[in-house]
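Topology and contacts: notes
If you want the building blocks of each chain, they are given just below.
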Amino acid sequence: MTPVWYRVKDLDAGRAFYRELLGFEETYVDWEGRWARLERDGMEIALAEGEPEDGGVAHVSVEDVKAEADRLRQQGVEVGVVLELHGQVRLLDVFDPDGNRIQLAQDLPGS
């Protein structure tokens, strides 16, 4: 699987955000090249130190989007509004400290 790449201004802060707040597991760090690979439930991302830029969006499945939105807001994370699409799925945009967008998704019963 090809990871979704994000550029972050501070690699250590980015790694901590994804591990501690979004539950990713770090699978590799290149200290000299200043990048890391992380994984959560089959979604792989890579963080590279540098100036943030527009790119892909990681899609992460969660059990309860609304609960995640509340939890992340309480932690001071920038999150969008919970969207529900035709009773099938709930989506939430989450933004890391550098403005990179991650999308959390919850499949709804009967979908």
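So, a few notes on the structure that sits alongside this text. Remember, predicted model here, so these are calculated numbers, not experimental data.

Considering the sheet that holds strand β4 (residues 43-49)
If you walk across this open sheet you meet the 4 strands as β1-β4-β3-β2, and the pairing is mixed. Of all the strands in the sheet, just β1 (4-8) and β2 (25-30) have a single pairing partner and so form its edges. Each strand axis lies, on average, 20° off the axis of its neighbour in the sheet, ignoring direction. Strand direction decides the pairing type here: β1 and β4, joined by 5 bridges, are parallel. When the bridges of β4 are listed, W5 appears paired with A46.

Quick word on the nonpolar core
Nonpolar side chains tend to gather and get buried jointly when the protein is soluble and globular. In terms of nonpolar packing, the biggest core is built from 27 residues, with Y18, I45 and V94 touching the most fellow members. Secondary structure elements with two or more residues in this core: β1, α1 (11-21), β3 (35-40), β4, β5 (58-61), α2 (65-74), β8 (89-95) and β9 (101-107). Looking at which element gives the most residues to this core, the answer is α1, with 4 residues. Setting aside chain neighbours within four positions, we find Y18 in contact with Y6, G23, F24, L38, I45, L47, D96, N100 and I102.

Cut-offs applied
- Residues numbered from 1 in each chain as written.
- Predicted model: local features only at pLDDT ≥ 70, side-chain atom pairs only at ≥ 80, totals over all residues.
- Heavy atoms only, no water.
- Pairing = 2+ DSSP bridges.
- Helix = DSSP H or I, 4+ residues; strand = E, 2+ residues; numbered from the N terminus.
- Axes fitted to C-alpha atoms, helices over the stretch in contact; angles between N-to-C directions.
- Core = buried A, V, L, I, M, F, W, Y, C linked by side-chain atoms within 4.5 Å.
- Buried < 20%, exposed > 50% of the residue type's maximum accessible area, 1.4 Å probe, protein only.
- Contact = heavy atoms within 4.5 Å.

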